[in-house]
Amino acid sequence: MAQNLTNPPAVPKRGAPLWVQILVWIGLLALLILLGLGLFRAQHPIMSIGSKVPDFTLTLFDGYPYQGANQVNLVDLRGKVVVVNFWASWCVTCADESPVMQGAWSYYQPSGKVIFLGVDYTDVDAKALQFLTRFNITYPNGPDLGTRITPIFNRNIAMPETYIVDQQGILRAEQIGPFQSLADIRSAIDPLLIGR
Amino acid sequence: MKTKSFILLAFCFLPVALFILPSAMVSAQQPTPSDDEVNAIARQLFCPICQNIPLDVCPTQACHDWRELIRQMLANGKTPDEIKQYFVDHYGARVLAEPPQTGLNWLVYVVPPVAFLIGVFLLFQAYRAWKRMPKGPDSKGAGEPAPDQSDEYVSRFEEELRKRN
Amino acid sequence: MLAQFGFGVLVLTFLLALFSTGAAISGYFFKSDRWVESSRRALQLTFLLISLSALTLIYMLATGHYEVEYVYSVSSLNMPLYLKITALWGGQAGSLILWSWLMSAFATAVTMRKWERDREFLPWVVAVTAITLAFFLSLSIFFDNPFTRLWQTISGQVSPSMFAPAGSTLYVPSDGQGLNEFLRHPGMIFHPPMLYLGFVGFVIPYAFGIAALVTGRTDDRWIRITRRWTLVAWLFLSIGLVLGMRWAYDVLGWGGYWSWDPVEIAALMPWLAGTPFLHSVIIQEKRGMLKQWNMLLIILTYSLVIFGTFLTRSGVLSSVHAFSESAFSPIFFIFIGLTFAISIGLLIYRWGDLRAEGEMKSLLSREALFLLNNLLFFGILIVCFWGVVFPLISEVVTGQQLTVGPPFYLRATGPLWAALLALMGIAPLSAWGYSTLKTIGRAAWKPSIPTLLVTVVLYVSNVRNWIALLGFTLVSWVIFITLYEFWRGARSRQKVQGENFFTAISKLTVRNRRRYGGYIIHLAMVSMALGILGINLYQTQTQQTLAVGQEIQISGYTLRYDSLAQFPYVDGRQVTRAVLSVFKGGELLGELHPRYDVYPDGVSMTIPGIRSTMADDLYVVLVNWENVSVEQTPFKVYHNPLVNWLWIGSAIFVLGYLVAAWPEKEEILSEK
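Treat the numbers as computed from the prediction; the structure is a model and nothing was measured.

### Looking at the overall build of chain B
Counting its regular elements, chain B contains six helices and zero strands. Along chain B, from the amino end to the carboxyl end, the secondary structure elements read α-α-α-α-α-α. Within chain B, the fraction of its 165 residues that count as buried is 27%. Long-range pairs, those at least 24 residues apart, make up 47% of the contacts in chain B between residues at least 6 apart in sequence.

### Some remarks on the overall build of chain C
Along its length, chain C carries 19 helices and 13 strands. In terms of overall dimensions, chain C is globule-like: its C-alpha atoms have a radius of gyration of 27 Å, near the 26 Å expected for 672 residues. Evaluated residue by residue, chain C yields a buried proportion of 54% over its 672 residues. Taking contacts inside chain C between residues at least 6 apart in sequence as the whole, the part at least 24 apart equals 70%.

### A few points about the sheet that holds strand S4 (residues 540–546) of chain C
Residues and elements named next belong to chain C. Taken in spatial order, the four strands line up as S4-S13-S12-S11 in an open sheet, and their pairing is antiparallel. This sheet does not close on itself; its edge strands, each paired only once, are S4 and strand S11 (609–612). Within this sheet the neighbouring strands show an average axis-to-axis angle of 15 degrees, counted without direction. Bridging between S4 and strand S13 (residues 633–641) involves seven bridges; their strand directions are antiparallel. Within S13, the position partnered with Gln 544 by the bridge is Phe 635.

### Details of unusual backbone geometry
At the junction of Met 159 of chain A and Pro 160 of chain A, the peptide bond is cis and its omega measures out at -10 degrees in the coordinates. For Pro 160 of chain A, the position within the fold is in the loop between helix H4 (150–153) and strand S6 (161–165). Backbone geometry at Ser 555 of chain C places phi at a positive 50 degrees, although glycine is not the residue there. Relative to the elements of secondary structure, Ser 555 of chain C occurs in the loop between strand S5 (551–554) and strand S6 (557–568). Ser 555 of chain C gets classed as partly exposed once you count the C-beta atoms within 10 Å, which come to 17. Of note in the backbone geometry, Leu 642 of chain C takes a positive phi value of approximately 65 degrees without being a glycine. Along the chain, Leu 642 of chain C turns up in the loop between S13 and helix H18 (644–661).

### Regarding the confidence of the model for chain C
Mean pLDDT over chain C works out to 89, with 96% of the residues at or above the 70 mark. Here helix H19 (residues 665–671) of chain C stands out as the element of chain C with the lowest mean pLDDT, 54, in contrast to helix H2 (residues 33–63) of chain C, whose mean of 95 is the highest.

### A few points about the domain arrangement of chain B
Taken domain by domain, chain B consists of domain 1 (24–97) and domain 2 (100–131). Using C-alpha coordinates to define each centre, domain 1 of chain B is positioned 37 Å away from domain 2 of chain B.

### Brief notes about the pairing of strand S4 (residues 114–120) of chain A
Residue and element names in this part refer to chain A. Of all the seven residues making up S4, seven are buried; the element is thus mostly covered by neighbouring parts of the structure. Going residue by residue along S4, you find Val 114, Phe 116, Gly 118 and Asp 120 tucked away on one face and Ile 115, Leu 117 and Val 119 tucked away on the opposite face as well. In terms of strand pairing, strand S3 (residues 81–87) meets S4 through seven bridges, oriented parallel. The residue bridging Asn 85 from the neighbouring strand is Gly 118, located in S4. In the classification by handedness, the crossover that spans S3, the intervening helix H2 (residues 92–108) and the parallel S4 is right-handed. As judged from the three bridges shared by S4 and strand S5 (residues 141–143), these two strands associate in the parallel manner. Residue Gly 118 lies in a different strand from S5, and its bridge partner there is Asn 141.

### Points about the environment of Phe 377 of chain C
Residues and elements named next belong to chain C. As for its placement among the helices and strands, Phe 377 is situated in helix H12 (residues 366–398). The exposure class assigned to Phe 377 is buried, which follows from the 23 C-beta atoms found within 10 Å. Here the alpha-carbon distance between Phe 377 and Ala 273, two residues 104 residues apart in the chain, equals 7.1 Å. With near-sequence residues (within four places) excluded, Phe 377 lies in contact with Leu 272, Thr 275 and Pro 276.

Conventions we followed
- Residues numbered from 1 in each chain as written.
- Chains lettered and ligands numbered in written order.
- Predicted model: local features only at pLDDT ≥ 70, side-chain atom pairs only at ≥ 80, totals over all residues.
- Helix = DSSP H or I, 4+ residues; strand = E, 2+ residues; numbered from the N terminus.
- Buried ≥ 20, exposed ≤ 12 C-beta atoms within 10 Å, placed from the backbone.
- Contact = placed C-beta atoms within 7 Å.
- Rg over C-alpha atoms; globule rule 2.2 N^0.38 Å.
- Pairing = 2+ DSSP bridges.
- Axes fitted to C-alpha atoms, helices over the stretch in contact; angles between N-to-C directions.
- pLDDT = per-residue confidence, 0-100.
- Domains from an automatic or database assignment.
- Right-handed = clockwise from strand over helix to strand, strands pointing away.

Structure below.
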């Protein structure tokens, strides 16, 4: 198709306006940064062994208090080994793990150096309490309200998972899937208690 | 002796009492909400653990528990908004079908209309720029008349000429 | 042996594609025809090679080579042969091979056209298609290899690998896991290939667009050449989307066809860019305008294809549909970044050359309305893109996970779709170059009368939902205007040629294929709109637990629960099947047989019983996620008014497409 040659162009040939160019490149950069970050998060675990665990507040079920209070903050537990166990009443393997957990708690509770926290992930309170009663759980337990605590540890959690935090708030061990025996739990916790 | 038989009697009556008491309590509540009433609310929520599956059709045990929870809350006289708020408080904002209008989330509602308005603005700019342009040899002056049979052939003929130009 | 052969040939194909890219680019810069010709031949050879590789994989699927991990994961002994073959796209690794295979086929087809008039485009068309091919092949070779085999160490651990790890022997399972049951539906058999054909097809116009930008030949030559390719790609993409909808309706058991899931949207977005592209290239051909916009649209379409593929496979988004995460996301990310940046850079570089040649005098002229069409589609695209990306932004910035679901999309895009409907009515009445409300009004007033009648009738029949009223009014308006256009054109022919009415219509259509074929396609679209309005606005549902003999009443229908049977089927699944009788006004209309199947691997699929008429669908599922027994059988019933117009519309669409796109002698000549 012939170009417009006969008339002198009243509007000179110019490139795209500068503000549009800048906007487009910034937009592209923003998109790429976003995708990159998203990718990074999808591919790398959010918490790895050795990293500091951010503080969180666990609201506890009635009947499962910590030192008489119905709330516990992670930072308040400094100086103790904290075993954070994620579970749900609809999770079949959690039922298998519960007696092991309770057994471990009975073992460590007298020393006062280890604290077990049960975090109930997206569950119905009535069913959760039934579950706890059924397995005679006595350690502090509470629902993950608003699902705020679980994403701190794992974005794609698969129940049950247990995270062991040392006395300075550093993550030292993680167990994806159920603990099979007290010996397994002990092998994760005891090294942290040496020399204390 | 008397105490023993009294205790035995009490034990026998206890299960009976346990049967009677809950039924008495139930009759004080409203009738059990139907599946449709539960689903009317469940449909507005998404399964907290699956991805992008509405709560009324989610097949997992957990979702079954949540629907029963809704049924229970309805029976206790909770309104749909209260139930939805409960779910948000307990499971996070992702159970809602759209982001709650708080904090940064207003962006999700504002950006599309703004982008559209920018598009309209650009369209008018382009239209004005075109209007300002001088008439070239290629541009058509009068438009084609309505598709009349004879004109159609003529205009098609002109078109073919243009194309082969 | 076969697996190594297949992999080896795949690697060769990859190297050849890389060579083709390099040779094409070198040929351009060193002005060497020999190099360019060499690159062309290399690209043609890739098709031969990848066909060998793909056929090897298909052969292994068909004959049950379960030591190959992919074959093990998607095939099994008890599958019929046709399913074993379609299992090629049953998993990610195989579907990537299909993608590359189709890409190579299209690239080869394009190299075989006559290039004499467009020699300067050739190197860049080859380079762009070859590098896209090379990219997808690299994903298969380095990250998700379908030819890896299973090896077992002495301790008994089995792991997949391409080459034998030290101290392992080949592990040959006796049977495979079989294709995911949800994928065994005819819709699923055709939906991925159709979608891929659409995606891959749009690479060709994009390649020509890039070639035009690089070489500076920014007139409408590249559009003329690619018009056919665009049409074909658009056809397959549209069909692929509809098939996906039908599959979801039939197999997923929730009475709907589209859930605004991110993966669905990722496939819709290229269509949202490709459809306006299809329209506005007509303006460029006729009036020399919108060059910048067309270039932007095709770049956007291609980018959305790659971006959509990335989104659904990278694990960045979670979705029911998504493939599981893969390690290839970083390279995908780099490819996206590079292609976006290069395309935009080229577009900005040539922006001045893409100035319009015509002028737009009137806001209601056809070109102005096409522009409005583009704006509306672009608006819908922005909404979809933003809705998909926002949860990601929220999670990255605030850590909070969010859902952007159907209410958002429906509310934001509803008015835009309605405006597009209205546009389908106005645009045929508007003339190129000049139109006013008066000229359009003159053409529109006759069909508007029956339309108004429809509105009144609806209102009087108690349709009070204003969205429904508006929607049905627009649908009837477009139908009446379009039919009026046919009638008017035929009458004119009759007056002059003296033909009978039907000859007049057929001759009219044949001599103006694009216009009248386009009208038929618009009729198809409003038919689909009718179906969508019916089901979205008027769907009713109920869930009830019945004992045998009890009934459900819904929307004038009565369903009586007759019986429940449980029995095993030949392929090992346990079938639970209910029989319900459907009555309306006391009259027996038929039986429905909803069932659910539990497969040996534990997967259960619920198959609805559907009774379809032009007016509505009665759709029943056995609620197998609650307890099912003969005494207490939970059913969920949906009443979907008008939904079959959605599927009827898609059939009309194909018809209209054939009319519009059938090659005419003059077109073939002008294309060459």
